[in-house]
Amino acid sequence: MVMVFYGSNGKSNPVSMENRLEHQMKNQITYDIHLQSDLGMLYKVRLGLQNLENSISQLSLHHFKIQNTSTLDTFTLTINKTLPLSLNGDRWIEFPIQWPLKEALSVVTYHLTVFSRNILSERNVVHMTACICGTHGDTGDRSLLSPLQKVQHGEENESFLVTMDAVELGELDKIVLLISSKTDCKVNIKKLHVKEAARDYPIYVFEVNEEFSVDANKPEIQREIPGSFVIRGDKQKNDIDNNLNKERSQAGDVTEYIVKVYTGDKRGAGTDANVHIILFGNEDKSEVFQLSESLEHQNPFERGKVDTFKIKTKKLGGLHSIEIGHDGKGFASGWFLEKVEITDAARNSVYCFNCNRSVDQLIITLYMLFSTRISR
């Protein structure tokens, strides 16, 4: 068993539970731990099993108590959990430390969704972990392949959900992946989505788009994935966008775009999911826009319909590509997108982006097919 302590100035190395004190009571073990003085005020502890061996027995934890031997400040917590939390599952638990007169952070359940091509077919030989990092620390290395939830298979794509509890991380900024395998294989990962289980937004998107060649005889692959963008809920996003656009309008830097989205006219083409879009120009790229308020229809993205949206953003220059996708919410989340047309009245231009394919919980990039000038 090991512990990792987090303080206002950083975190400790894993502390092995070896220095037991002699005075022990039944079912109680006391350890003498010396931490670096530069950790600052401790605010959380991660406690768990360093590895999962077939011979290891389950570890039942009932109570935790820590005392600063200099100040005698004491923190106690009732745990009542058994590690690992499930068969071959998460072997770590985290909890905040609440010192006297200090406000503690809370424990949050995070949902991490993995979008890939072939991980599920290789899961019996591949070992993969993710460490989610934010402004309040990280989760440590957590298993991504056991247990899995909401598994979805497609012809070329798949996705699955991993749940993990951690002391709240604040704003997320990167994920560190570790991949190893018992046999030589290739693992194709498209992207990762992370959000709090109790909230629909924000969704942190980490684009990977890489095929990893895993060699069983070489060290595990480590890859640091920075955050790509954040999908925010309508109210949260609108408040941010309104403030940004107000500042840009005062500086004369706002451009309005008219976005026409054509949903295919075939069975199952529509979607009830939340659709978002990013515009890329030769001068800049836009923020993420939720396409929720169609000018024509109360329920957008129905079969054979065209929905029009108006968005305002900074000046992007001539458009060359877009990213469009959805979050997979709703009863019917599959979506057949025919094309997207974007009008930039300020530049007298209409840009056409053809798709003619299903968008199954993916963010796809469409490149401009052609542009035309607006007749005046």
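Anything mentioned here points back to the structure above.
Residues numbered from 1 in each chain as written. Predicted model: local features only at pLDDT ≥ 70, side-chain atom pairs only at ≥ 80, totals over all residues. Heavy atoms only, no water.

Details of the overall build of the protein
Point 1. A tally of regular secondary structure across the protein gives 2 helices and 27 strands.
Point 2. The proportion of buried residues among the 376 residues of the protein is 47%.
Point 3. Entry remark: accessible area of the protein is about 20,300 Å², with carbon and sulfur atoms responsible for 45%. (Helix = DSSP H or I, 4+ residues; strand = E, 2+ residues; numbered from the N terminus. Buried < 20%, exposed > 50% of the residue type's maximum accessible area, 1.4 Å probe, protein only. Areas by Shrake-Rupley, 256 points an atom, 1.4 Å probe, with all protein chains shown as cover.)

Some words on the packing of aromatic side chains
The description of two aromatic rings rests on the distance between their centres and on the angle between their planes.
Point 1. Using the criterion set out here, one finds 4 aromatic pairs in the structure.
Point 2. Ring centres of Phe301 and Phe309 lie 5.7 Å apart, and the angle between their planes is 25°; on these two criteria the pair is classed as stacked.
Point 3. An aromatic cluster of three or more residues is present, and its members are Phe301, Phe309 and Trp335.
Point 4. Lying over the aromatic face of Phe115, Lys191 brings its terminal NZ or CZ to 4.5 Å of the ring centre.
Point 5. In this arrangement the basic side chain of Lys339 is found over the ring face of Tyr262, its NZ or CZ atom lying 4.6 Å from the centre. (Phe/Tyr/Trp six-rings, centres within 6.5 Å; stacked < 30°, edge-to-face > 60°. Lys NZ or Arg CZ within 6 Å of the ring centre and 35° of its normal.)

A closer look at the nonpolar core
Point 1. Judged by nonpolar contacts, the single largest core of 34 residues is most densely connected at Leu112, Ile175, Ile189 and Leu192.
Point 2. In contact with Ile189, other than residues within four places in its own chain, are Phe115, Ser116, Ile119, Met128, Leu177, Ile179, Val208, Asn209, Glu210 and Phe212.
Point 3. Counting 25 residues, the second largest nonpolar core, distinct from the first, contains Leu279, Phe309, Val340 and Val359. (Core = buried A, V, L, I, M, F, W, Y, C linked by side-chain atoms within 4.5 Å. Contact = heavy atoms within 4.5 Å.)

Concerning the pattern of salt bridges
Point 1. Applying the stated rule across the entire model yields 11 salt bridges.
Point 2. Taking the shortest distance from any N to any O, the salt bridge between Arg199 and Glu196 comes out at 3.7 Å.
Point 3. By relative accessible area, Glu196 is classed as partly exposed at 24%.
Point 4. Taking the shortest distance from any N to any O, the salt bridge between Arg223 and Glu210 comes out at 2.7 Å. Within this pair, whereas Arg223 is found in strand E17 (residues 221-226), its partner Glu210 is found in strand E16 (residues 203-214), the two being separated by 13 residues in sequence.
Point 5. Connected via shared salt-bridge partners are Lys11, Lys44, Arg46, Glu94, Asp138 and Arg142. (Salt bridge = Lys/Arg side-chain N within 4 Å of Asp/Glu carboxyl O.)

Observations regarding the sheet that holds strand E13 (residues 158-167)
Point 1. With respect to topology, 6 strands assemble into an open sheet ordered E12-E13-E8-E15-E16-E18, the strand pairing being antiparallel. Either end of the sheet is taken by a strand with one partner, and the two such strands are strand E12 (149-153) and strand E18 (229-231). Averaged over all neighbouring strand pairs, the angle between strand axes comes to 30°, with direction disregarded.
Point 2. Direction of pairing for strand E8 (residues 107-116) relative to E13: antiparallel, over a ladder of 10 bridges. (Pairing = 2+ DSSP bridges. Axes fitted to C-alpha atoms, helices over the stretch in contact; angles between N-to-C directions.)

Examining the pairing of E13
Point 1. Among the 10 residues of E13, 8 are classified as buried, and the element is accordingly described as predominantly covered.
Point 2. Pairing of E12 with E13, which is carried by 3 bridges, proceeds in the antiparallel orientation. Its bridge partner lying in E13, His153 is registered against Glu158.

Regarding the sheet that holds strand E20 (residues 275-281)
Point 1. The sheet built from 4 strands is open, its strands ordered E21-E20-E23-E26 with antiparallel pairing. Of all the strands in the sheet, just strand E21 (289-290) and strand E26 (364-367) have a single pairing partner and so form its edges.
Point 2. One ladder, built from 7 bridges, connects E20 with strand E23 (residues 319-326); its direction is antiparallel. Within E23, the position partnered with His276 by the bridge is Gly325.

Side note on unusual backbone geometry
Point 1. The peptide bond linking Tyr201 to Pro202 adopts the cis configuration, its omega dihedral lying at 0°.
Point 2. By the secondary structure assignment, Pro202 is in the loop between strand E15 (185-196) and E16.
Point 3. Positioned with a positive phi, Lys150 is a non-glycine residue whose angle comes to about 45°.
Point 4. A positive phi is found at Asn356, a non-glycine position, where the angle reads about 55°.
Point 5. As for its position among the elements, Asn356 is in strand E25 (residues 349-358).
Point 6. Asn356 sits in the partly exposed class, given a relative accessible area of 47%.

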